[in-house]
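These are the residues of each chain, in order.
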Amino acid sequence: MNSNGFTLVELVAVIAVLSIIAFITVLSIGGIIEKSRRDVCDVNTAEVKRQYERHLHLDETEHSDVVFIQFLMDFGENVCPLEGDIRYVDGEVRCSFHSESADDEGEDEKDVPYL
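Because the structure is a prediction, the values reported are computed rather than measured.

## Concerning the pattern of salt bridges
Argument step 1. Applying the stated criterion to the full structure yields 5 salt bridges.
Argument step 2. One salt bridge connects Glu 47 with Arg 50, and the closest N-O pair in it is separated by 2.3 Å. In this pair, Glu 47 and Arg 50 both sit in helix 1 (residues 8-59), 3 residues apart, roughly one turn of the helix.
Argument step 3. For Glu 47, a relative accessible area of 24% corresponds to the partly exposed category.
Argument step 4. The residue Arg 87 makes a salt bridge to Asp 85 at a minimum N-O spacing of 3.0 Å.
Argument step 5. A residue is classified by how much of its surface remains accessible, and Arg 87, at 46% relative accessible area, is partly exposed.

Take a look at the structure:
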């Protein structure tokens, strides 16, 4: 017999392989998006820290939460893409979403990376 098509087993195998590839791709893209959000937040918090310290120095004022909140309102930009709460703690600008996970990054570097 000469058949001009795929058997059901061949079709299921192709769909299974494509599903696995799509699943790996979605996981990879999700990780890339989260890393880019974390990177944007890190860059923005570094900029806010630099600008805030410059503001304190030029105005010859001391840090207080009220001064920092007013500075953030005048800064006029979203610092964190996830709308995290931004605080100035011990001379560092910290995000409620990304700063806690920054301490764990050193442990992740020892792990085997995934796709």
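## Details of the side chain of His 98
Argument step 1. Tracing the backbone through its elements, the reader meets His 98 in the loop between strand 2 (92-95) and helix 3 (99-102).
Argument step 2. Not counting chain neighbours up to four residues away, the residues in contact with His 98 comprise Glu 34, Arg 37, Arg 38, Cys 41, Cys 80 and Leu 82.

Conventions adopted
- Residues numbered from 1 in each chain as written.
- Predicted model: local features only at pLDDT ≥ 70, side-chain atom pairs only at ≥ 80, totals over all residues.
- Heavy atoms only, no water.
- Salt bridge = Lys/Arg side-chain N within 4 Å of Asp/Glu carboxyl O.
- Helix = DSSP H or I, 4+ residues; strand = E, 2+ residues; numbered from the N terminus.
- Buried < 20%, exposed > 50% of the residue type's maximum accessible area, 1.4 Å probe, protein only.
- Contact = heavy atoms within 4.5 Å.

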